[in-house]
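# Topology and contacts: notes
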Amino acid sequence: MDSMQSRRELSRVIRASLRMLPQTTRRRLWLLLPMQAGVALMDVFGIVLLTSMLSVVATGSENGIDGYVLIELGPFSTTLESNRILPLAAFGAALLTIRPILSLIILRRSARILADAQSDLAADLSTRYLFLSPALARQRNSNSVAFALADGVTFLIVGVLGGAIVLVTEAFILVGLTAVLFAANWFIALVSLTFFTLVGFALNRYVVGRSRLIGVRLGELQIQGRIDMQNALGTLREAHVLDLKHAVGAPFRQNRRSISTVAADGMYYGLLPKYLLEVALIVQLALVTSILFILYPAQDAFAQLSLFALASLRIIPSFQRVQNAAISIVTQGNSAGETLLIWQTASRVEPTMPVTREAEESLVAGRTSLAAPEVRVSNLTVQYPGATTPALVDISFTVNAGSLVIVTGESGSGKTTLLDALMGLIPWKAGSVQIGGLVPGGYFSAAPGASSYLPQQVYLIDGTLKENLSWPLPPVAYSDDDYWDSLELVGASSFARALPKCLDEQLGEWGGRLSGGQRQRINFARALMSKPSLLFVDEATSALDPESESVVLELLRRLKGNVTILAVTHRSTHLSIADTSICLAEGRIVTRP
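Everything numeric in this text was worked out from a predicted model, so none of it was measured. (Residues numbered from 1 in each chain as written. Predicted model: local features only at pLDDT ≥ 70, side-chain atom pairs only at ≥ 80, totals over all residues. Heavy atoms only, no water.)

## Brief notes about the overall build of the protein
Quick reminder of the rule: Helix numbering and strand numbering both begin at the N terminus, where a helix is a DSSP run of H or I of at least 4 residues and a strand a DSSP run of E of at least 2. Note on classification: 1.4 Å probe, protein chains only; a residue is buried when its accessible area is under 20% of the maximum for its type, exposed when over 50%, partly exposed between these limits. In this description, contact between two residues means that some pair of their heavy atoms is separated by no more than 4.5 Å. Surface accessibility follows the Shrake-Rupley procedure with a 1.4 Å probe radius. Residue values consider only the protein chains on display as shielding.
Looking only at helices and strands, the protein has 19 helices and eleven strands in total. The proportion of buried residues among the 593 residues of the protein is 46%. Residue pairs in contact within the protein that sit at least 24 positions apart in sequence constitute 77% of those at least 6 positions apart. On the protein, roughly 29500 Å² of surface is accessible, and the fraction owed to carbon and sulfur atoms is 60%.

Pasting the structure below:
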């Protein structure tokens, strides 16, 4: 990667990170720039005062008038009372001492602004992502999304923009000190500038380009490591039976080794500029010393050398911080490539108002007073992107309010696709779906909590029984009586009372401390917590034994009349409780209600 490409890469990553910030935060960051410029001027004045005074003291330069000395800086000169030399030198040293402290204060303020922006952006971006259509949101791996919304946001805001602030701060200092050197001796300054430009070009070409590759690779490995561990934990029982626990963890171990190798490379390239610049400083001072003592008398050469030496001692650390900031920006910016892709998609989404405590209470209060809605489907056709044939073709039927409709069919006949279309989870190619006279999303928004979905694949959070039943609302949204009522309805109250802490019992990740049937019953109880008037059921009894299944079927039979129920199943035993049934074959209705 050449110097031009390096600058473009830096600019691209910084601009992309800035675009993610709200306008008010960007303005707050811009206001810090004049403060950084003022602090940089302190460094310039400190260098000028200290070197000028010390050179006078060392060389004894006088202009022939008692009590006065001649101060020269390139083409500029002035006379000064001798008794002011040491105070001015001390003032210059004080400026050089105070400058880093003020810079740290400004950087700390910048860090706080960025930290607040990072937390706000992570919260906002995660909210927007969850408001994407489920079909679109689930196109990405969950581990990739979690990494992008947590670590990736931190990399872009704190890492990239924090590095950019350091870059700007040190740029002010470098520009000011370079101007002083040109004023003192433009030829020597030009030689020094050319030398350090060549050093910087070499570092950019060699280090920044490799840092970009390291950043991309680290991001990929961090995501893959999460996936590997999830796969290992998810197949632990199979590995135990096969006696292959070592093999199931092999991908994660290999991932950790790869990360350590890449991280070691990153550390090496991060430290490389420090040592190269130390060598460059020695070479530059030797070069400047030789030129000065060849071109000027020893006294003048010494005076100018003190200025260049002190300035170089300030320039090199700044130059090093610029290099480190550039490496950090490129590495962390490219590690967060997935975050930028998610932001491009999710930033177009405008989430609805957050749920307030009053809204939470409305979800559980008076739910039984809501009338069960009618569901009307007209000429519905669904075709997945990239598919050559529709998954559903010309589906039409009406589900009367309060009735229970069973959808059956062979595997791949379109049962789950139909349920997803009724819930508005996938787009339609043609036709319409109306729930209570509204499109699905409109009905769900108009009556929050009035609809529930009982999935085939049970997902329990790593929390207590109460937290699982109330999810995604906090446990205080319901009373203990509400919890026990729902558990009683699904025949789960007896085993819940047998738990050591009852409702406060920790269920473990994925509900790992429960049997499959217990997990499915808790899943069913969760769906009933808000007392829905519309219930979607997708193979909800697949993991239940015959006795438990009969309890659930009896519950569905008792719910109908007050609740409109659409259930997908492959079991013919469910047909006995249905008001009507729909049989699908190859995406078409074979039997209609």
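## Some remarks on a nonpolar patch on the surface
Keep this limit in mind: Patches were defined on residues exceeding 30% relative accessible area and lacking a salt bridge, with like-charge contacts within 9 Å and nonpolar side-chain contacts (Val, Leu, Ile, Met, Phe, Trp, Tyr) within 5 Å. Basic side-chain nitrogens of Lys or Arg form a salt bridge, by our definition, when they fall within 4 Å of a carboxyl oxygen of Asp or Glu.
Nonpolar side chains collect at one region of the surface, where Trp 186, Phe 187, Leu 190, Ile 294 and Leu 295 lie side by side and expose about 550 Å² of accessible area between them. Residue assignment for the nonpolar patch shows that the elements contributing at least two residues are helix H6 (186-234) and helix H9 (250-295). Top element by residues in the nonpolar patch is H6. It accounts for three residues. Looking at the secondary structure, you find Trp 186 in helix H6. Look at Trp 186 and you get exposed, because its relative accessible area is 57%.

## Here's the deal with the environment of Ala 122
Residue placement: Ala 122 occurs in helix H3 (residues 85-130). Distance in space between the C-alpha atoms of Ala 122 and Asp 151 is 9.3 Å, their sequence separation being 29 residues. Not counting the four nearest positions on each side in its chain, Ala 122 is found in contact with Leu 149 and Val 153.

## Quick notes on the nonpolar core
For the record, the criterion: Buried Ala, Val, Leu, Ile, Met, Phe, Trp, Tyr and Cys residues that are joined via side-chain atoms within 4.5 Å together make up what is termed a nonpolar core.
Grouped together as the largest cluster of nonpolar side chains are 86 residues, with contacts concentrated most on Leu 125, Ile 157, Ile 329 and Ile 342. For this core, the secondary-structure elements that each account for two or more residues are helix H1 (3-19), helix H2 (23-59), H3, helix H5 (142-184), H6, H9, helix H10 (298-335) and helix H11 (337-346). When residues of this core are assigned to their parent elements, the largest contribution, 17 residues, is made by H5. Not counting chain neighbours up to four residues away, the residues in contact with Ile 329 comprise Leu 10, Val 13, Ile 14, Val 160, Gly 163, Ala 164 and Leu 167. Counting residues in hydrophobic clusters, the runner-up holds 38 residues, among them Ala 477, Ile 522, Ala 525 and Leu 535.

## Section: the sheet that holds strand S4 (residues 392-399)
Let me state the cut-off plainly: Between any two strands, pairing holds if DSSP finds at least two bridges. Axis angles are defined between N-to-C directions and span 0 to 180 degrees, where every axis is a line fitted to C-alpha atoms and, for a helix, only to the segment in contact.
The strand order S4-S3-S6 describes an open sheet built from three strands, whose pairing is antiparallel. Each edge of the sheet is formed by a strand with only one pairing partner; in this case those strands are S4 and strand S6 (430-435). Averaged over all pairs of adjacent strands, the angle between their axes in this sheet comes to 15 degrees, without regard to strand direction. Across five bridges, strand S3 (residues 375-382) lies against S4 in antiparallel orientation. Each residue of the ladder has a partner; that of Leu 380, found in S4, is Ile 395.

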